[in-house]
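# Fold and contact review
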Amino acid sequence: MPELIRALAATAPEGALSYIGVTVLEDIAMDAESSGAEDGAIDALLAAELDLATSYEILSGPYPEFLERWQVRERFAQLLTPAQLDALFDWPARVRQRIVLDGEGTRLLPLSGWLDDAAAS
């Protein structure tokens with residue numbers, strides 16, 4: 001799975017990294033839950049060894065409930081600032097916006113046109 005995540009991240013259109021979090025990480029978690037297996041989603045992301053900015057954008061896709069389940073605050077505490085972690089968990093503050101790392105904090109950007117372009121195809 002780490003290889004798949006790495007390949008998807010390398011080929012994702014600008015602004016589409018969060019969809020890896022939704023379509024890959026959340027699916028791993030839900031499949032594990034339904035089959036009674038251990039949820040290896042966050043371990044797969046970490047094993048992909050992506051740069052921090054890429055991992056952050058991927059983590060911005062899943063709902064905060066998944067981030068809590070994966071213990072993102074604890075597992076990324078040495079890599080991200082408290083403000084960056086808080087921003088990941090503050091879903092209402094960034095709905096319909098893209099969140100990216102910016103220095104010690106984060107920045108909100110407009111959503112990429114990628115999703116609209118994909119839906120129109």
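Heads up: these notes are all about the structure in this document. (Residues numbered from 1 in each chain as written. Predicted model: local features only at pLDDT ≥ 70, side-chain atom pairs only at ≥ 80, totals over all residues. Heavy atoms only, no water.)

### Notes on the overall build of the protein chain
Along its length, the protein chain carries 8 helices and 2 strands. Reading the protein chain from its N end, one meets helices and strands in the order α-α-α-α-α-α-α-β-β-α. The globule rule puts the C-alpha radius of gyration for 121 residues at 14 Å, and the 14 Å found for the protein chain is close to it. A principal-axis box enclosing the C-alpha atoms of the protein chain has dimensions of 40 × 40 × 25 Å. Counting across all 121 residues of the protein chain, residues that qualify as buried make up 40%. Contacts in the protein chain between residues far apart in sequence, at least 24 positions, make up 56% of those at least 6 positions apart. Accessible surface, the protein chain as shown: approximately 6,800 Å² in total, 53% of it carbon and sulfur. (Helix = DSSP H or I, 4+ residues; strand = E, 2+ residues; numbered from the N terminus. Rg over C-alpha atoms; globule rule 2.2 N^0.38 Å. Buried < 20%, exposed > 50% of the residue type's maximum accessible area, 1.4 Å probe, protein only. Contact = heavy atoms within 4.5 Å. Areas by Shrake-Rupley, 256 points an atom, 1.4 Å probe, with all protein chains shown as cover.)

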